[in-house]
Amino acid sequence: RTDTLEVRAHEFAAHVHGRINHRRKYTGEPYIAHPEAVAEIVRSVPHDEVMIAAALLHDTREDCGVTNEEIFRRFGLKVASLVDDLTDVSKPTDGNRAVRKEIDRQHTAKASPRAKTIKLADLINNTESIVAHDPWFARTYLREKARLLDVLREGDATLWQQAYELLRAACGSLGVVLEEELAPLAPLGAREG
């Protein structure tokens, strides 16, 4: 069938990101490559079609001006609910970057485990890109993501571990010291003391 939920979500996401000529920041490739990559990471762990659709749609509200009502109308309540959990709620008027990121982190903390699994996939894909292309900004980004990881524990355990190891490796390669942020996240057996 060509009208599956996943196919419809992919077509819609490609359309709305494409109509604003949305591009990946560092590579200039069409933005849809990012939601596609996030969906593939989600596909690597237990998932369903609703999660894949939400992964494909996860940036459409923030970046393309799509409303939650439109997501609900086109894709149903389950997809709309996940996309809502994945959409940052802070506004530029809420304060500086640190304040906004904390508002968004608190929103994510309340998200469903399924949404947290998608958020982990998003974090993994973005971290790989930012570390590879913008080591200077990565220093700020890695600190933010270590704090975010703390509220994503209810997501898929395999992706959580992958995200944790990726952050640790990125910190090591960039010489970023995040012991204060990463130590509390370490698996119990890995903690010193």
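Predicted model only: the values in this text are computed from it and were never measured. (Residues numbered from 1 in each chain as written. Predicted model: local features only at pLDDT ≥ 70, side-chain atom pairs only at ≥ 80, totals over all residues. Heavy atoms only, no water.)

Engineer: Would you take a moment to explain the overall build of the protein chain for this structure?
Structural biologist: Check the secondary structure of the protein chain and you find 11 helices and zero strands. Moving toward the C terminus, one meets the helices and strands of the protein chain in the order α-α-α-α-α-α-α-α-α-α-α. Taken over C-alpha atoms, the radius of gyration comes to 17 Å for the protein chain, in line with the 16 Å a tight globule of 193 residues would show. Expressed as lengths along the three principal axes of its C-alpha atoms, the size of the protein chain is roughly 55 × 30 × 30 Å. Burial analysis of the protein chain (193 residues in total) assigns 47% to the buried set. (Helix = DSSP H or I, 4+ residues; strand = E, 2+ residues; numbered from the N terminus. Rg over C-alpha atoms; globule rule 2.2 N^0.38 Å. Buried < 20%, exposed > 50% of the residue type's maximum accessible area, 1.4 Å probe, protein only.)

Engineer: Is there a simple way to explain the layout of surface pockets in this structure?
Structural biologist: One way to see where empty space is left: roll a probe the size of a water molecule over the atoms. The calculated volume of the largest pocket comes to roughly 1,000 Å³. Lining the largest pocket we find 36 residues, and of these Asp 88, Arg 97, Lys 101, Tyr 141 and Lys 145 sit closest to its centre. Those elements that place two or more of their residues in the lining of the largest pocket are α4 (60-64), α7 (97-109), α8 (113-133) and α9 (135-149). It is α7 that provides the largest number of residues to the lining of the largest pocket, a total of eight residues. Here the lining of the largest pocket is built from residues that sort into nine nonpolar, eight polar and 19 charged. (1 Å grid on protein atoms, 1.4 Å probe; cavity = no way out; pocket = protein on both sides within 12 Å on 5 of 7 lines; lining within 4 Å. Points joined across faces, edges and corners; volume = space filled by probe spheres on them. Nonpolar A, V, L, I, M, F, W, Y, C, P; charged D, E, K, R; others polar.)

Engineer: Please clarify how the confidence of the model for the protein chain should be interpreted in this entry.
Structural biologist: Here the protein chain shows a mean pLDDT of 93. Residues at 70 or above account for 95%. In the model, residues 188-193 has pLDDT below 50 throughout and makes three contacts with residues more than four positions away in sequence or in other chains. (pLDDT = per-residue confidence, 0-100. Contact = heavy atoms within 4.5 Å.)

Engineer: What exactly am I supposed to notice about a nonpolar patch on the surface here?
Structural biologist: On the surface, Val 89, Val 99 and Ile 103 cluster together into a nonpolar patch covering about 190 Å² of accessible area. You can call Val 89 partly exposed: its relative accessible area is 40%. (Patch = residues over 30% accessible without salt bridge, like charges linked within 9 Å, V, L, I, M, F, W, Y side chains within 5 Å. Areas by Shrake-Rupley, 256 points an atom, 1.4 Å probe, with all protein chains shown as cover. Salt bridge = Lys/Arg side-chain N within 4 Å of Asp/Glu carboxyl O.)

Engineer: Just checking my understanding: could you explain the packing of aromatic side chains for this structure?
Structural biologist: Within a pair of aromatic rings, the relevant descriptors are the distance that separates the centres and the angle that separates the planes. Summed over the entire model, instances satisfying the criterion amount to three aromatic pairs. Arranged with centres 5.6 Å apart and planes meeting at 5 degrees, the rings of Trp 160 and Tyr 164 form a pair that is stacked. You can see Trp 160 and its partner Tyr 164 sitting in helix α10 (residues 157-174), four residues apart, about one turn around the helix. The pair formed by Trp 160 and Tyr 164 is uniform in burial state, with each residue classed as buried. (Phe/Tyr/Trp six-rings, centres within 6.5 Å; stacked < 30°, edge-to-face > 60°.)

Engineer: Even after reading the chapter, I still don't get the pattern of salt bridges, so can you show me in this structure?
Structural biologist: Evaluated as defined, the whole model comprises 12 salt bridges. For Glu 102, the salt bridge is made with Arg 105, and the minimal N-O distance between the two is 2.9 Å. You can see Glu 102 and its partner Arg 105 sitting in helix α7, three residues apart, about one turn around the helix. Taking relative accessible area as the criterion, Glu 102 reaches 24% and is therefore assigned partly exposed. Linked by salt bridges that have partners in common, Glu 6, Glu 40 and Arg 43 make up one network.

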